[in-house]
Amino acid sequence: MHYERSGAIAPRANLSFPDRLLAVHDALERILEDLGPDEVAVESAFVRKSAKAALQIGHVRGVVLLAARRSGAAIYEYTAPEVKMAVVRQGAAAKEQVAFMVRHLLPGVSTMTEDEADALAVALCHAHRAPRIVAPDPRRTPGS
């Protein structure tokens, strides 16, 4: 396993929420088209302190799942404690501990945003754990 690249999709803040969702979808669709992954790992839904933030994250997560499904990739889902346990060996690890271990496990990573650290931690979790499939792609046959 090696680190190749990472980034964050950050739509312009002056866009309406539906237009930010569209920007996320379109950017992710281009990335999935370019890379053509067989699998996509996502963090499962989690509770936020703010109901509004939880709803917005849920909408973004739906867009991510839609883009992944349309790409034909199998979708795998992990809870935040599963990700932290896989990367830090502590299910209640702080974000700083997760970012530190991501840098340790992926030596090519020097600087990254908090969102990148979270996404890379999910990818590491998927690479190291027996995946739990959420929804197999009915268009793919096993071994294809």
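See the structure shown above.
Residues numbered from 1 in each chain as written. Predicted model: local features only at pLDDT ≥ 70, side-chain atom pairs only at ≥ 80, totals over all residues. Heavy atoms only, no water.

So, about the packing of helix α3 (residues 80-88) against helix α4 (residues 95-105). Orientation of α3 relative to α4, taken along the N-to-C sense of each, is 50 degrees, at an axis distance of 9 Å. Considering their axes alone, α3 and α4 lie oblique with respect to each other. Handedness of the α3/α4 crossing: left-handed. Every residue of α4 that contacts α3 at Lys84, Val87 and Val88 is listed here: Gln97, Val98, Met101, Val102 and Leu105. For the contact of α3 with α4, the residue count by class is 6 nonpolar, 1 polar and 1 charged. (Axes fitted to C-alpha atoms, helices over the stretch in contact; angles between N-to-C directions. Helix = DSSP H or I, 4+ residues; strand = E, 2+ residues; numbered from the N terminus. Parallel < 35°, antiparallel > 145°, perpendicular 65-115°, else oblique. Left-handed = near helix turned anticlockwise from the far one by under 90°. Contact = heavy atoms within 4.5 Å. Nonpolar A, V, L, I, M, F, W, Y, C, P; charged D, E, K, R; others polar.)

Attention now goes to a nonpolar patch on the surface. Taken together, the side chains of Ile9, Ile31 and Leu35 present a nonpolar region at the surface, about 240 Å² in accessible area. Here Ile9 lies in the segment before α1 (17-35). (Patch = residues over 30% accessible without salt bridge, like charges linked within 9 Å, V, L, I, M, F, W, Y side chains within 5 Å. Areas by Shrake-Rupley, 256 points an atom, 1.4 Å probe, with all protein chains shown as cover. Salt bridge = Lys/Arg side-chain N within 4 Å of Asp/Glu carboxyl O.)

If you look at the biggest cluster of nonpolar residues, it comprises 20 residues, and the most contacted ones within it are Val83, Val87, Val102 and Met112. With 6 residues, the top contributor of residues to this core is helix α5 (residues 114-128). For Val83, the contacting residues outside a window of four places in its chain are Tyr78, Ala121, Val122 and Cys125. In terms of nonpolar packing, the next biggest core, distinct from the first, is built from 8 residues, Leu28, Leu32, Val40 and Ile75 among them. (Core = buried A, V, L, I, M, F, W, Y, C linked by side-chain atoms within 4.5 Å. Buried < 20%, exposed > 50% of the residue type's maximum accessible area, 1.4 Å probe, protein only.)

This part covers the packing of α1 against helix α2 (residues 51-71). Remark: α1 packs on α2, axes separated minimally by 9 Å, with the N-to-C direction vectors making an angle of 30 degrees. The orientation of α1 relative to α2 falls into the category roughly parallel. The handedness of the crossing between α1 and α2 is right-handed. In this structure, α1 contributes Phe17, Arg20, Leu21, Val24, His25, Leu28 and Leu32 to the contact, and α2 contributes Gln56, His59, Val60, Val63, Val64, Leu66, Ala67, Ala68 and Ser71. By residue class, the composition of the contact of α1 with α2 is 11 nonpolar, 4 polar and 1 charged.

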